[in-house]
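Next come the chains, spelled out residue by residue.
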Amino acid sequence: AHSYTKYNDWNTVQGWMNTIASSNPNLISKQVIGNTYEGRPMTVLKLGKKSSVTKNAIFLDCGIHAREWIAPAFCQWFVKEALSTYGSDSQMTSLLDQMDVYVLPVFNIDGYDYTHKSNRMWRKTRSRKSGSSCIGADPNRNWNAGWCTIGASSNPCSDTFCGYSPESEIEVKNVADFIRRNKSIIKAYLTIHSYSQLLLFPYSYTFQLAAHHSELLKVAEGASAALRSLYGTSYTSGPGAATIYPAAGGSDDWAYDLGVKYSYTFELRDTGRYGFLLPESQIKPTCEETMLAVKYIAAYVQKNL
Ligand code: 0X9
Ligand code: ZN
Ligand code: ZN
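Residues numbered from 1 in each chain as written. Chains lettered and ligands numbered in written order. Predicted model: local features only at pLDDT ≥ 70, side-chain atom pairs only at ≥ 80, totals over all residues. Heavy atoms only, no water.

## Quick look at the sheet that holds strand β5 (residues 186–194)
- Spatially, β1-β2-β4-β3-β5-β8-β6-β7 is the arrangement adopted by the eight strands of the open sheet, whose pairing is mixed. For this open sheet the edge positions go to β1 (28–35) and β7 (236–239), each flanked by a neighbour on one side alone. The mean angle between the axes of side-by-side strands here comes to 20 degrees, regardless of whether they run parallel or antiparallel.
- In this sheet, strand β4 (residues 99–104) lies alongside strand β2 (residues 41–47) in antiparallel orientation, the contact comprising three bridges. Counted as the bridge partner of Leu47 is Val101 from β4.
- Docked against the sheet, helix α5 (residues 170–181) engages β1, β2, β3 (56–62), β4 and β5, running at close to 130 degrees with respect to β1. (Pairing = 2+ DSSP bridges. Helix = DSSP H or I, 4+ residues; strand = E, 2+ residues; numbered from the N terminus. Axes fitted to C-alpha atoms, helices over the stretch in contact; angles between N-to-C directions. Contact = heavy atoms within 4.5 Å.)

## With respect to a nonpolar patch on the surface
- Nonpolar side chains collect at one region of the surface, where Met121, Tyr274 and Leu277 lie side by side and expose about 270 Å² of accessible area between them.
- Take Leu277: it is sitting in the loop between β8 (262–268) and α9 (283–303).
- Residue class for Leu277 comes out partly exposed when judged on its relative accessible area of 47%. (Patch = residues over 30% accessible without salt bridge, like charges linked within 9 Å, V, L, I, M, F, W, Y side chains within 5 Å. Areas by Shrake-Rupley, 256 points an atom, 1.4 Å probe, with all protein chains shown as cover. Salt bridge = Lys/Arg side-chain N within 4 Å of Asp/Glu carboxyl O. Buried < 20%, exposed > 50% of the residue type's maximum accessible area, 1.4 Å probe, protein only.)

## Here's the deal with the coordination of the zinc ion (ligand 2)
- Donor atoms from the polypeptide that coordinate the zinc ion (ligand 2) comprise His65 (ND1), Glu68 (OE), Glu68 (OE) and His193 (ND1), at 2.0 to 2.3 Å from the metal.
- Donor residues for the zinc ion (ligand 2) sit on one chain with the sequence pattern H-x2-E-x124-H. Here His65 matches Glu68 in class, with each residue buried. (Donors = N, O, S within 2.8 Å, 3.2 Å for Na, K, Ca; no water.)

Next comes the structure, spelled out in structure tokens:
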């Protein structure tokens, strides 16, 4: 059965999406943006109050990397909190009245399913190509942003394999197409990973500072302070290349270069004690504190539309 404080497998997440969307038709709609390599539907939940005018939007994805289980848990938590606090929390109410939030709860569904059934530490997609016996590419090295120039591997057997070309992974192409199609309304791109407790922004494919570096840093520091205020969890903010490592082909850099200014990668708990194997007892506190950071960024974006 589905639980917000457990790591739900893909079938459970899929069932949850159907239930939650049909029980909240006024605030949620579902849309399939394409299928994964193995044919699973990639469903985006659109959260927001219906409006007669075109609304600006925030795009949030979780689970680009298969083994980072806390990430899909956060997207599910976000949807629950949005629905349960709309109408009582003034910020959430104002956010969903004015904007839509597109949530992709599990980006790399094939990989996520594989971590539940076969190999808990799998990271990549599950695509195959004749000529190599190795499976999958890193869906956060496969975007057309300095593709495969640094911090990525052209070896199909590597965990950071950049793929055979930009957007060679169908999951990346599906999301990139969706964001390109909606680029005039998408004002923020947020992507949830784990672990290391970082709040990263462009660039990662170069050490050059982004044109909006100071503003991106200021917002990241505000979001990190909001997060820390709940349980004292400490986050480091900064551009990816200098803060974690240079790595090209990431979704954050791609979205930013497309024109989505507020582009952030979260690396959630912890700092390595459990790493990817974060205990289920930490799902609730991790999600509650992360909500504060995401809401901080959303409020800033809303104020600066
Ligand atoms: O390496 C990554 O893709 C991310 N770290 S993780 O441990 N979750 O794999 C960091 C991504 C930072 N952004 C870019 N490299 N563009
Ligand atoms: Zn990751
Ligand atoms: Zn809560």
